[in-house]
Protein chains: 2
Amino acid sequence: MARSVTILGAGLVGSLLAILLKKRGFDVSIYERRPDMRVATIGAGRSINLAMSVRGWKALELAGLRAEMEQIAIPMYGRYLHQADGSAAFQQYGKNNEAIYSVSRGELNRKLMTLAEQEGVNIYFEHRCHRVDVAENILHLEAPGGAQKTVQADLLFGADGAFSALRSSYAQRDRVNAAHFYLEHGYKELCIPPDAAGNMQLEKNALHIWPRRNFMMIALPNTDGTFTCTLFFPFEGSPSFERLTTEQEVVAFFNEHFPDAVSLMPTLLEDFFGNPTSSLITTHIAPWHYEDKSALIGDAAHAIVPFYGQGMNAGFEDCTVLAGLIDQHGDDWATILGEYDRRRKPNGDAVAALALANFVEMRDKVADPQFLERKKIEKELGRMYPEQFISVYEMVSFSHIPYNTAMSCIRAQDELLGKIMSEGDFTENVKQGAFNTQLDNWMNQYHGEVQQLDFGK
Amino acid sequence: MARSVTILGAGLVGSLLAILLKKRGFDVSIYERRPDMRVATIGAGRSINLAMSVRGWKALELAGLRAEMEQIAIPMYGRYLHQADGSAAFQQYGKNNEAIYSVSRGELNRKLMTLAEQEGVNIYFEHRCHRVDVAENILHLEAPGGAQKTVQADLLFGADGAFSALRSSYAQRDRVNAAHFYLEHGYKELCIPPDAAGNMQLEKNALHIWPRRNFMMIALPNTDGTFTCTLFFPFEGSPSFERLTTEQEVVAFFNEHFPDAVSLMPTLLEDFFGNPTSSLITTHIAPWHYEDKSALIGDAAHAIVPFYGQGMNAGFEDCTVLAGLIDQHGDDWATILGEYDRRRKPNGDAVAALALANFVEMRDKVADPQFLERKKIEKELGRMYPEQFISVYEMVSFSHIPYNTAMSCIRAQDELLGKIMSEGDFTENVKQGAFNTQLDNWMNQYHGEVQQLDFGK
């Protein structure tokens, strides 16, 4: 008999997981700490929109939501860089016109909840889980009105986010390793509305970046014609949130650093002083599961910073992999959860590291001509050697190659690109036969180094 | 008016801190989770004895307990190595006959508690702190009998060990970083009693080590003629605790790996199956303090593995440094706690790293002839260049040089010793004038590299 499943958290990952498990014949209940976002006016969590890429789409397809979400997803084909001098440049992500997609977090979450309920999942809102007795699989919850309640879980998944109650209950057990740390940068959301005629004020199909070395602003398009801007900025030091305390200081700062954006932001001061300044956490824990009884999934297992746009994608991929393991191993939950942990934990660690590294890339390196040159060469190499070379960015964003494989390719790609760039102008060199032989050799060497890795077939 | 101080934990560090604060005119209360170890028969915490070195002695001197403790401390002048083939060798620690001292943890703790009470400190036993409201400085306690109780602290110190309630309350706050991890090795205490005539069965004034690459046993002398042995051993794998499940397996294992010890251990099987297998945790947190209201100290701030014998010494040094800052800054607690954090946190991180590295040294490297040769050369260099060279081991164990300074010297010492050892037999080489010029140059280079570090005057 199929086990009944309890899920903590009706966020993106919890709701999606519920659908996939229900489709596989399990009884599924979700306990969600917040009110129902479909009836209450509350935010959807830590950001307004997110970037969906192929790992996310694959999971939505399994859930049967892909086509519907595609209608309201805005493709972003590249980075639109806004330099400090007011100049701008578009930098395409993929060599085949691939895109990442700006999606409303709230809209996606509401659709997932509704679909879950249509499939027969019970969602209990306003039930906050304090802690889990891990060995006994008992949830200690506070129900609406403050009543204390315990629930005996059969099979339990913690999809309850970066501050997961299941995670912290795991972390108190002997020989469970846990770590979390915050960036010295926080973030604040701001807004660029449409113009008076209702037109978008920036290029629609791009992820906009204002890279400023130690800080940056980004903007993602929304279907209502607005852009959500996010300022990633140090909490302390100069400049920092701590130092921008008056309207004059904020205006002067934006005029200096974001001259082309500030005129598009009529509610800047209102947003800046009205919206919260939020922190950015990365979490690690090991193991991710307990015997055949429970496991962590999504942010609860691996909360990461948002700079690769992979948080939701990684969580959805957790669900895809778990669903595949259930299809493979039936009701052998010791094997399913053990294998899930073994396969996903290294990927959780890898995507956390990739996301941290991409912050430096986005705020600092993308403004560097050398970096732009490298991106161009990477794209060219992909065209010249389609069987042998795919850039790390493409692996992460446009493929299902495991994150830890992508990580493992970084050093070899750095070496390869270092050699190529040390020879001077790439386009010029390629015209010369002698260089191409050289390039073939380097590429074979690179390919030899990485081909034993798991590229997920 | 001096603030009143609340301390969580009447262990070694909490009791010592209470004495030092009381001597400085503060009202001091301690809440201790366990019963009074002076009247109840309970263990003294995680190990029976510990190795006191100069940092610990200095703090005891400040407390006025040094002379009394010296009476019951057993000096250990070096490592006594028991090789797998049954051979043995003594390896002196210092060049000036320095020693570390085997001290009974329970005895020391009882004396500290008694002295604290004599000074006028109130100790509330069997008060378990669940959590602290950090911003309000309110302790939530369970009093004897299970009654819930809150205490408003004025100034609070968490000396409540590796699983500190204050630490975990800090860790739940925004932008507080925290990590903990366990070794894959656990430990179990065993015993070597005196012989029938009441004589100690191993050399008294040494720390005995049975280094066996991936595991080891050590033994420290006690004043009652026994030795406390500790087996540090993997939880899983082969060999491991998991694999030693029958009496035959244990006997066979000890006969194979500890042939010279097993005959001295009449209660081996009783001890092995009766004593717990304990885990080994390292913890990090930042920051260590909250405004002018509270701070962590000792294991609560930096729980470390025991392999450098520095856990208690580091905690006592925290107290010494804090007392010095109070003497310097009066009642400016924002400055005192801020400066305490700034100075001690890097040292907590350093001693944690040193302790982890010394596990590899003790169980693996000490059995290596190259390592023994290096130790000999280090001692000789200290004699030849007393102003310029002091080994990292000596810095940690026989000096008050900050731990992070010792850490910073490792690379430069590795380089220096690498050069020296690559030239062949040191004693032979020193006889030749040409080598000594070389040596002078290398030493000057080393000294130049490290002399800008803080050696604590």
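Residues numbered from 1 in each chain as written. Chains lettered and ligands numbered in written order. Predicted model: local features only at pLDDT ≥ 70, side-chain atom pairs only at ≥ 80, totals over all residues. Heavy atoms only, no water.

**Focus: the pattern of salt bridges**
Using the criterion set out here, one finds 62 salt bridges over all chains in the structure. The partner of Glu32 of chain B in a salt bridge is Arg34 of chain B, with the nearest N and O atoms 3.6 Å apart. Between Arg243 of chain B and Glu242 of chain B there is a salt bridge, and its shortest N-O distance comes to 4.0 Å. Through salt bridges that share partners, Arg79, Glu361, Arg374, Lys375, Glu378 and Asp414 of chain A make up one connected network. (Salt bridge = Lys/Arg side-chain N within 4 Å of Asp/Glu carboxyl O.)

**A short note on the interface of chain B and chain A**
Across the contact, 16 residues belong to chain B and 15 residues belong to chain A. With both chains or domains summed, chain B and chain A bury close to 1300 Å², and 40% of this area falls on carbon and sulfur atoms. The largest share of the area that chain B buries against chain A comes from Arg175, His180 and Tyr182 of chain B, three residues that together contribute 47% of it. Taken together, chain B and chain A are joined by 2 salt bridges. A salt bridge links Arg175 of chain A to Glu236 of chain B; the shortest N-O distance between them is 3.4 Å. The greatest single-element share of the side of chain B that touches chain A, amounting to 8 residues, is contributed by strand S13 (residues 177-192) of chain B. Grouping the amino acids of the side of chain B that touches chain A by side-chain chemistry returns 8 nonpolar, 3 polar and 5 charged. As judged from the 3 bridges shared by strand S13 (residues 177-192) of chain A and S13 of chain B, these two strands associate in the antiparallel manner. (Contact = heavy atoms within 4.5 Å. Buried area = accessible area lost by both parts, 1.4 Å probe. Helix = DSSP H or I, 4+ residues; strand = E, 2+ residues; numbered from the N terminus. Nonpolar A, V, L, I, M, F, W, Y, C, P; charged D, E, K, R; others polar. Pairing = 2+ DSSP bridges.)

**As for the sheet that holds strand S1 (residues 5-8) of chain A**
As summarised here, the arrangement of the 6 strands in space is S8-S2-S1-S12-S19-S18 (chain A), forming an open sheet in which the pairing is mixed. On the outer flanks of this sheet lie strand S8 (122-124) and strand S18 (289-290) of chain A, each paired with one strand and no other.

**A closer look at the layout of surface pockets**
Residues and elements named next belong to chain A. In this structure, the second largest pocket encloses a volume near 610 Å³. Val321, Arg343, His400, Pro402 and Gly456 are, among the 24 residues lining the second largest pocket, the residues nearest its centre. For the lining of the second largest pocket, the secondary structure elements donating two or more residues are helix H2 (54-63), helix H10 (311-329), helix H11 (333-363) and helix H14 (403-422). The biggest single contributor to the lining of the second largest pocket is H10, with 6 residues. Looking at the lining of the second largest pocket residue by residue, the classes come out as 7 nonpolar, 9 polar and 8 charged. (1 Å grid on protein atoms, 1.4 Å probe; cavity = no way out; pocket = protein on both sides within 12 Å on 5 of 7 lines; lining within 4 Å. Points joined across faces, edges and corners; volume = space filled by probe spheres on them.)

**A word on the sheet that holds strand S3 (residues 49-52) of chain B**
All names here are of chain B. In space, the 3 strands of this open sheet follow the order S3-S7-S4, with antiparallel pairing throughout. The two strands at the open ends of the sheet, each matched to only one other strand, are S3 and strand S4 (74-76). On average, each strand axis in the sheet is inclined to that of its neighbour by 35 degrees, with strand direction left out of account. Looking at chain direction, S4 and strand S7 (residues 100-104) are connected through 3 bridges and run antiparallel. Across the sheet, the residue bridging to Pro75 is Tyr101, located in S7. Relative to S7, helix H4 (residues 105-119) is tilted by about 75 degrees, and along the sheet it contacts S3 and S7. (Axes fitted to C-alpha atoms, helices over the stretch in contact; angles between N-to-C directions.)

**Digging into the relation of the copies chain B and chain A**
Screw-axis analysis of chain B against chain A gives a translation of 0.0 Å along the axis, an RMSD of 0.0 Å, and a rotation angle of 180 degrees. Both chain copies can therefore be described as sitting about a two-fold axis. Taking C-alpha positions as reference, the residue of chain B nearest the rotation axis is Ala179 of chain B, located at 1.9 Å. (Least-squares fit on C-alpha atoms with pLDDT ≥ 70 in both.)

**Some details on the pairing of S3 of chain B**
Residue and element names in this part refer to chain B. Taking every second residue as pointing to the same face, both faces of S3 are buried, with Asn49 and Ala51 on one and Leu50 and Met52 on the other. In terms of strand pairing, S3 meets S7 through 4 bridges, oriented antiparallel. Each residue of the ladder has a partner; that of Leu50, found in S7, is Val103. (Buried < 20%, exposed > 50% of the residue type's maximum accessible area, 1.4 Å probe, protein only.)

**Considering H14 of chain A**
Residues and elements named next belong to chain A. Compared with an ideal rise of 1.5 Å per residue, which puts 20 residues at 28 Å, H14 spans 28 Å between its outermost C-alpha atoms and is within 8% of the ideal. Of all the residues in H14, the buried ones are Tyr403, Thr405, Ala406, Cys409, Ala412, Gln413, Leu416, Leu417 and Ile420. Positioned one or two residues after H14, Gly424 has a phi angle of 95 degrees, which is positive. (Expected span 1.5 Å × (residues − 1).)

**Side note on the domain arrangement of chain A**
All names here are of chain A. Domain annotation of chain A identifies domain 1 (4-71 + 105-180 + 281-360), domain 2 (182-279) and domain 3 (368-450). Summarising the inter-unit geometry, the C-alpha centres of domain 1 and domain 3 are found 36 Å apart. Taken together, the contact between domain 1 and domain 3 spans 16 residues of the former and 14 residues of the latter. The junction of domain 1 with domain 3 conceals about 1300 Å² of combined surface from both sides, 61% of it contributed by carbon and sulfur atoms. It is Arg55, Tyr308 and Leu354 that lose the most area in domain 1 upon contact with domain 3, and together they represent 44% of the buried surface on that side. At the junction of domain 1 and domain 3, the tally comes to 0 salt bridges. (Domains from an automatic or database assignment.)

**With respect to the packing of aromatic side chains**
All names here are of chain B. Tallying each qualifying case throughout the model produces 56 aromatic pairs over all chains. Residues Phe215 and Phe233 carry aromatic rings whose centres are separated by 5.2 Å and whose planes lie at 80 degrees to one another, so their mutual orientation is edge-to-face. Of the two residues, Phe215 is situated in the loop between strand S14 (207-211) and strand S15 (216-221) and Phe233 in strand S16 (residues 227-234); the sequence distance between them amounts to 18 residues. Across this residue pair, the class does not change: Phe215 and Phe233 are buried. Residue placement shows Arg55 over the ring face of Tyr403; its charged tip is 4.1 Å from the ring centre. (Phe/Tyr/Trp six-rings, centres within 6.5 Å; stacked < 30°, edge-to-face > 60°. Lys NZ or Arg CZ within 6 Å of the ring centre and 35° of its normal.)

**Quick look at the side chain of His257 of chain A**
Residue and element names in this part refer to chain A. Among the structural elements, His257 can be located in helix H6 (residues 247-257). Looking at His257, the relative accessible area reads 17%, which means it is buried. Once you skip the residues sitting within four places of it in the chain, His257 turns out to touch Arg212 and Phe215.

**As for the pairing of strand S10 (residues 138-142) of chain B**
Residues and elements named next belong to chain B. By the alternation rule, side chains of S10 split into Leu139 and Leu141, which are all buried, and Ile138, His140 and Glu142, of which none is buried. When strand S9 (residues 128-133) meets S10, the two strands line up antiparallel, connected through 5 bridges. By the bridge assignment, Arg131 is partnered in S10 with His140. In this antiparallel pair of consecutive strands, S9 and S10, the connection spans 4 residues, and Asn137 shows a positive phi of 60 degrees. One ladder, built from 5 bridges, connects S10 with strand S11 (residues 148-152); its direction is antiparallel. Note that in S11 the partner of Leu139 across the bridge is Val151. Connecting S10 to the antiparallel partner S11 that follows it, the hairpin turn spans 5 residues, and Gly145 within it adopts a positive phi of roughly 90 degrees.

**A word on the state of the cysteines**
All names here are of chain A. A complete count under the given rule lists 0 disulfides over all chains for this structure. Left unpaired, Cys129 is separated from the closest cysteine sulfur, that of Cys319, by 19 Å. Classification of Cys129 by relative accessible area gives buried; the value is 13%. Note on Cys319: relative accessible area 1%, which makes it buried. (Disulfide = S-S within 2.5 Å.)

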